[in-house]
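# Geometric and topological summary
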Amino acid sequence: VGDIELDASGAHVLVSLGERVFVLDRAGGAPREVATGPGARDPRLSPDGARVAFVRDGDVWAMAPADPKPARLTQHPPGLEYGAPEIVARDFGRTRGYWWSPDGQWLAFQRTDAREVEPLTIADPRHPERPPVALRYPRAGKANAKVDLGVVAARGGAPRWIAWDVARYPYLARVVWPAKGPLTLIVLNRAQTELAVLAADPAAGTTRSLLVERDEAWVDVAPDGLAWLPDGSGFLWLTESQGAWSLELHGPDGAHVRQLAPPA
């Protein structure tokens, strides 16, 4: 079993078994296998349970469980990849490269340009007769992949691109799309001494800053360290700004409301 996921109502369950994907209706009926095709990765059920999205051949795809074949939602140009996390994202604990909107009508997806990352080759000492495998891996001090975010309709169409100061904040550590509240990004500078929480407007393609943290030595990003309240009236934030982890409540504009759990 690779993954188990429910839709927002809990009525439908997605189960991935290797490269095979099934959707179960908890009200009854036989499991339905979704024809994602060979090489599909990271299948995700939409919050309304109507579609399954996945990544294949460098693009984001989606389909209803009963569809005979999927729809390709994006068309990546040569040298770019859509919908998959880059190597650095895994250092932040992020293993996803796309996210459903709460209503299941849109998907935000990562656009990765690794053309300036130096190519490295790895040989298999067990099989010296085989040629080395080439991959692009960003070593310390070398060029990283360039990453930003797009939003595409679940039925396809031209993506909308979301802009922020990528030169200042090249690392995309987290993406959160809550049921109530804005599409939210956590980005960092390369030295990891500055972190920004950004609220994105997918329609306009813009972002606004909700919160910025700085530390001369290092800024940590907590796993699931940002959570919007169910009514969208603010968000919870885990921070080490006082020297140890504490939990804060912030308003919808990012303003500090109060501390909920002090470092002690």
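The following refers to the structure shown. (Residues numbered from 1 in each chain as written. Predicted model: local features only at pLDDT ≥ 70, side-chain atom pairs only at ≥ 80, totals over all residues. Heavy atoms only, no water.)

Next up on the list: the pairing of strand S17 (residues 183–188). Consecutive side chains of a regular strand alternate in pointing toward one face of the sheet and then the other. Across the 6 residues that make up S17, a large majority, 6, are buried. Residue alternation in S17 divides its side chains into two sets, Leu183, Leu185 and Val187 and Thr184, Ile186 and Leu188, and both sets are buried. Of the pairings in the sheet, the one linking strand S16 (residues 171–176) to S17 comprises 5 bridges and is antiparallel in character. When the sheet's bridge partners are listed, Tyr171 is paired in S17 with Leu188. Counting the residues between successive antiparallel strands, the hairpin from S16 to S17 contains 6 residues, one of them, Gly181, with a positive phi of roughly 120°. Two elements, S17 and strand S18 (residues 194–201), share 6 bridges in a ladder whose sense is antiparallel. Note that in S18 the partner of Leu183 across the bridge is Ala200. (Buried < 20%, exposed > 50% of the residue type's maximum accessible area, 1.4 Å probe, protein only. Helix = DSSP H or I, 4+ residues; strand = E, 2+ residues; numbered from the N terminus. Pairing = 2+ DSSP bridges.)

As a further point, take the pattern of salt bridges. Tallying each qualifying case throughout the model produces 15 salt bridges. Put simply, Asp42 and Arg44 hold a salt bridge, and the shortest N to O gap is 2.8 Å. Take Asp42: its relative accessible area is 22%, and that puts it in the partly exposed class. Among the salt bridges present, the one from Glu116 reaches Lys146, with a minimum N-O distance of 3.2 Å. One end of the pair, Glu116, is in the loop between strand S11 (106–113) and strand S12 (119–122); the other, Lys146, is in strand S14 (residues 146–153), with 30 residues separating them in the sequence. On the basis of relative accessibility, which here comes to 55%, the residue Glu116 falls in the exposed class. (Salt bridge = Lys/Arg side-chain N within 4 Å of Asp/Glu carboxyl O.)

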